[in-house]
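Survey of secondary and tertiary structure
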Amino acid sequence: RYRSIQLYDDNVICVCQESTYRFLAKITDEVVSMYEAAGLELKNVHIGGDEVPHPSKEDLDHGAWKGSPKCNALLEADEDYNNSEELFYYFVDRFSKILEDRNIETGGWEEIGLSKRYDEDGDLGVDLNSDFQEKGFTPYVWNTVWGWGDEDRGYKLANAGFDVVLSNVSNNYFDLAYDTDPADPGYYWGGFVDTKKTWEFAPLNVYAEPITNRDGTSLNVAEDFKNHTRLTVKGATNIKGIQGQLWTETVKGNDMLEYYIFPKMLGLVERAWGPAPNWVSIKDDSLRFQTLEKEWTVFASRIGNFELPRLTYMNGGVNYRVAPPGIEIINGKLYVNSNYPGAVFTYTVDGSEPTRSSAKFTEPISISGKEVKVIAFYPNGKQSRAAVIKL
């Protein structure tokens, strides 16, 4: 009996049945055949391996596999495993041998590089799993929310000799909302991720980024993370890449999928294949962030002037997100800006929704009425939600 973080109570396969491994071997062989038919070699398989529901210290009798007759029989017969929690490692070991027999490396979420332990109070902790490191497993590190304590887990694994793919939630989870507006879809448990956040990701020195907790409060790297692990020169050679994720729990159709991905994907692509930005190597915080903003301005200009027009015409048009404009009234005058150049603004002052044919904003103007609404749009492209100020 268990319930997953997504509230499922029936989504965990039984790792104690031999039919499980016959099934996995069959699926693996079919995928290998597909690769061969395409003239490619399947080199690495990501086996998942995270969020298996485990007993809490308040409810030790419940958890995946706990109470299963087959699992209890396996635990009694195999001295290497002491309880149902450790069957996770039994499963990973068995599945990895299926892949190894086919010359395929095993990848998975960071949990495949870790060992769970419970202290005397029943609280859960983790250590590096040296057995799996020796087998050449590749952890994809995701659980790096600033302020939660495990921000350096990817560096710990890489320094210990694991090949690592950095999949940090704080920069690379595309199902997190772009901003705090309740009208913007997406989760916020790991913070908010927009295009600039993906672009700011510094894989080899995350402490150089503008660091905030998930509520947007700036954190002090020198104080708050002085005891956190830094990436060594040797460890840096074990960072094999970065990855962005889009979980589809909240995705309702292709348009919404594209909205989540674009233009966030452009920041990820720049960081994955572009050269390391100049600002990352600057030691002084003030100068580093000043340089970051200058380099971001150049990148944002490329997005607005080149990439958004390109997305407009690709594959009949991509449903990229246009952010609501920034609007402010100063001394009775309306000021408007946008995060990317090339946007056109229209507005209304009577509470009605502006359209592309509404009054056009081109410069600060005196404003009156009951409510001003402004939209941003790109010619022949997408438009934003309205930004609103009550007068």
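Our subject in this report is the structure included herewith. Each chain carries its own residue numbering, running from 1 in the written order of its sequence. Owing to the predicted nature of the model, reporting of local features is limited to residues with pLDDT of at least 70; listing and counting of side-chain atom pairs is limited to 80 or more, with chain, interface and lining totals taken over all residues. The side-chain quantities take in all heavy atoms of the structure and omit both hydrogens and water.

In this section: the overall build of the chain. Under the scheme used here, helices are H or I runs from DSSP no shorter than 4 residues and strands are E runs no shorter than 2 residues, and both carry numbers assigned from the N terminus. Tallying secondary structure elements over the chain gives 12 helices and 14 strands in all. When its C-alpha atoms are laid out on the principal axes, the chain stretches across 80 × 50 × 45 Å. The long-range fraction of contacts in the chain, counting pairs at least 24 apart against all pairs at least 6 apart in sequence, stands at 64%. Surface accessibility follows the Shrake-Rupley procedure with a 1.4 Å probe radius. Residue values consider only the protein chains on display as shielding. When the accessible surface of the chain is summed, it comes to about 20,900 Å², and 50% of that surface belongs to carbon and sulfur atoms. Lys and Arg are tallied as positive, Asp and Glu as negative. Neither His nor the chain termini are counted. To locate a charge, take atom NZ for lysine, CZ for arginine, CG for aspartate or CD for glutamate. Of note, the chain has its 40 positive side-chain charges centred 6 Å away from the centre of its 59 negative side-chain charges. The contact definition used throughout considers only heavy atoms, calling two residues in contact when any of these lie within 4.5 Å.

We now examine the nonpolar core. By convention a nonpolar core is built from buried Ala, Val, Leu, Ile, Met, Phe, Trp, Tyr and Cys residues, the set being connected through side-chain atoms within 4.5 Å. Any residue under 20% of the maximum accessible area for its type is buried, any over 50% is exposed, and the rest in between are partly exposed; the area is computed with a 1.4 Å probe on protein chains only. Counting 51 residues, the largest nonpolar core has Val164, Leu334 and Val374 as its most contacted members. At the level of secondary structure, the elements contributing two or more residues to this core comprise α5 (153-159), β6 (164-166), β7 (239-242), α11 (264-273), α12 (285-313), β9 (333-337), β10 (344-348) and β13 (371-377). Broken down by element, this core gets its largest block of residues, seven residues, from α12. Ignoring sequence-local partners within four residues, the contact set of leucine 334 consists of Ile327, Glu328, Ile329, Phe361, Pro364, Ile365, Ile367, Val372 and Val374.

A cavity here means a set of points on a 1 Å grid, drawn over the protein atoms and nothing else, where a 1.4 Å probe fits but cannot get out; a pocket is an open set with protein on both sides within 12 Å along at least five of seven lines, and a residue lines either one if it has an atom within 4 Å of a point. Grid points are joined across faces, edges and corners, and a volume is the space filled by probe spheres set on the points. This model, assessed by the stated rule, comprises four cavities of 30 Å³ or more. In this structure, the largest cavity occupies an estimated 70 Å³ of space. For the lining of the largest cavity, the class distribution of residues is five nonpolar, two polar and two charged. Residues were grouped as follows: Ala, Val, Leu, Ile, Met, Phe, Trp, Tyr, Cys and Pro as nonpolar; Asp, Glu, Lys and Arg as charged; and all remaining residues, including Gly, as polar.

Further remarks concern the layout of surface pockets. In this model, the largest pocket occupies a volume close to 1,700 Å³. As for the largest pocket, its lining consists of 45 residues, and the residues nearest its centre are Ile5, Gln6, Asp50, Glu51 and Val52. Those elements that provide at least two residues to the lining of the largest pocket are α3 (87-100), β3 (114-118) and β4 (124-128). Residues that form the lining of the largest pocket fall into these classes: 25 nonpolar, 10 polar and 10 charged.

Further remarks concern the packing of aromatic side chains. Each Phe, Tyr or Trp ring, with Trp reduced to its six-membered ring, pairs with another whose centre is within 6.5 Å; inter-plane angles below 30 degrees give stacked pairs, above 60 give edge-to-face pairs, and intermediate values give tilted ones. Within this structure, the stated rule accounts for 22 aromatic pairs. Ring centres of tryptophan 296 and tyrosine 340 lie 6.3 Å apart, and the angle between their planes is 55°; on these two criteria the pair is classed as tilted. With tryptophan 296 in helix α12 and tyrosine 340 in the loop between β9 and β10, this pair connects stretches of sequence that are 44 residues apart. Tyrosine 340 carries the same exposure label as tryptophan 296, and that label is buried. Taken together, the ring pairs in this structure connect Trp109, Tyr140, Trp142, Trp148, Tyr173, Trp189 and Trp247 into an aromatic cluster. Criterion for a charge above a ring: Lys NZ or Arg CZ within 6 Å of the ring centre, and within 35 degrees of the ring normal. In this structure, arginine 230 packs its charged tip against the face of tyrosine 207, placed 3.8 Å from the ring centre.

Tracing the backbone through its elements, the reader meets asparagine 129 in the loop between β4 and α4 (130-134). Of note is the side chain of asparagine 129, whose polar atom sits 3.2 Å from the side chain of serine 115. Whenever two N or O atoms come within 3.5 Å, that pair is a polar contact, provided that in protein one can donate a hydrogen and the other can accept it, and provided that, for residues adjacent in sequence, both atoms are side-chain atoms.

Glancing now at the state of the cysteines. Two cysteine sulfur atoms form a disulfide, by the criterion used here, when they sit within 2.5 Å. Taken as a whole and assessed by the stated rule, the structure comprises one disulfide. Residue cysteine 16 pairs covalently with cysteine 71 via a disulfide, S to S 2.1 Å. Of note, the bridge from cysteine 16 to cysteine 71 carries an S-S torsion of about 105° and is right-handed in sense. Remark: cysteine 71 occurs in helix α2 (residues 69-77) and cysteine 16 occurs in the segment before α1 (18-37); sequence separation between them is 55 residues. Residue cysteine 16 is classed as buried on the basis of its relative accessible area of 11%. Classification of cysteine 71 by relative accessible area gives buried; the value is 0%. Left without a disulfide partner, cysteine 14 is nearest to the cysteine sulfur of cysteine 71, which lies 4.3 Å away.

In this section: α1. The span one expects for a helix is its residue count, reduced by one, times 1.5 Å. Under the 1.5 Å per step criterion, the end-to-end length of α1 is 29 Å for 20 residues, consistent within 8% with the ideal 28 Å. Along α1, the residues that are buried comprise Thr20, Tyr21, Leu24, Ala25, Thr28 and Val32. The arc that holds every buried residue of α1, seen down its axis, measures 130°, which confines them to one face. Opposite the buried face of α1, by more than 90 degrees, sit the exposed residues Arg22, Met34 and Ala37. Directly beyond the C-terminal end of α1, a positive phi value near 75° is found at glycine 39. Comment: arc refers to directions from the helix axis out to C-beta atoms.

A word on the pairing of strand β8 (residues 326-330). Pairing between strands is defined by DSSP: at least two bridges between them are needed. Bridging between β8 and β9 involves five bridges; their strand directions are antiparallel. Bridge assignment links glutamate 328 to a residue of β9, and that residue is tyrosine 335.

For the pair α1 and α3, interaxial distance at closest approach is 10 Å and the crossing angle is 35°. Crossing of α1 against α3: the hand is right-handed. Residues Glu18, Tyr21, Leu24, Ala25 and Thr28 of α1 pack against Tyr90, Phe91, Arg94, Phe95, Ile98 and Leu99 of α3. Looking at the contact of α1 with α3 residue by residue, the class counts come to eight nonpolar, one polar and two charged. Angles run from 0 to 180 degrees between N-to-C directions of axes, and those axes are lines fitted to C-alpha atoms, restricted for helices to the stretch in contact. Handedness of a helix crossing follows the sense of rotation of the near helix relative to the far helix, less than a right angle counterclockwise being left-handed and clockwise being right-handed.

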